[in-house]
Amino acid sequence: QVQLVESGGGLVQAGGSLRLSCVASGRTFSTYAMAWFRQAPGKEREFVAAITWLGRSTSYSDSVKGRFTISRDNAKNTVYLQMNSVKPDDTAVYYCAADRNPVAGASTRYDYWGQGTQVTVSS
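Residues numbered from 1 in each chain as written. Predicted model: local features only at pLDDT ≥ 70, side-chain atom pairs only at ≥ 80, totals over all residues. Heavy atoms only, no water.

Quick notes on the packing of aromatic side chains
A ring pair, where both rings are aromatic, is described by two values, the distance of the centres and the angle of the planes.
And step 1. Using the criterion set out here, one finds five aromatic pairs in the structure.
And step 2. Measuring from ring centre to ring centre gives 5.9 Å for Y32 and Y112, while their planes differ by 45°; the resulting arrangement is tilted. Of this pair, Y32 sits in the loop between β3 (18–26) and β4 (33–39) while Y112 sits in strand β10 (residues 112–113), placing them 80 residues apart in sequence.
And step 3. Its relative accessible area of 3% is what places Y32 among the buried residues.
And step 4. Their ring planes at 55° and their centres at 5.0 Å tell us that F37 and W113 sit as a pair that is tilted. Linking F37 in strand β4 with W113 in strand β10, this pair joins segments that are 76 residues apart in sequence.
And step 5. A relative accessible area of 6% means that F37 is categorised as buried.
And step 6. Taking NZ or CZ as reference, R45 lies 5.4 Å from the ring centre of F37, over its face. (Phe/Tyr/Trp six-rings, centres within 6.5 Å; stacked < 30°, edge-to-face > 60°. Helix = DSSP H or I, 4+ residues; strand = E, 2+ residues; numbered from the N terminus. Buried < 20%, exposed > 50% of the residue type's maximum accessible area, 1.4 Å probe, protein only. Lys NZ or Arg CZ within 6 Å of the ring centre and 35° of its normal.)

Okay, here's the thing in structure tokens:
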């Protein structure tokens, strides 16, 4: 079983940058695919980015492609979301997720979730 804790959210101006972190604890983290989702007020949760357990493949939603980068450091049991050129539409609670399928992607119903971290982008 895996526990996930996100951090790094906050208030940032449009065009700025943030780096979100998700620290995982538990068993067999290195075999888990990891992902970031977000949920904005009044909207459904949406996929942001995913990375396979070896970090050799990534996927992104069209809305963040070219601006956000997902990465992981399995030695530190941590996955990151580097958010550059943020926009007000990026405002949301960002959730870290993990799945036992090492190649899980956008369509996966992930096994484990963090508590979320708020990202607010001002105009």
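Having seen the structure, we can now continue with the description.
Quick notes on the side chain of D99
And step 1. Looking at where D99 falls in the secondary structure, it is placed in strand β9 (residues 92–99).
And step 2. Looking at D99, its side chain comes within polar contact range of the main-chain nitrogen of N101, at 2.9 Å.
And step 3. In this structure the side chain of D99 is engaged in a polar contact, spanning 3.3 Å, whose partner is the backbone nitrogen of D111.
And step 4. Residue contacts for D99: discarding those within four places in its chain leaves T31, Y32, A33, A104, T108, R109, Y110 and D111. (Polar contact = N/O pair within 3.5 Å; in protein donor to acceptor, adjacent residues only side chain to side chain. Contact = heavy atoms within 4.5 Å.)

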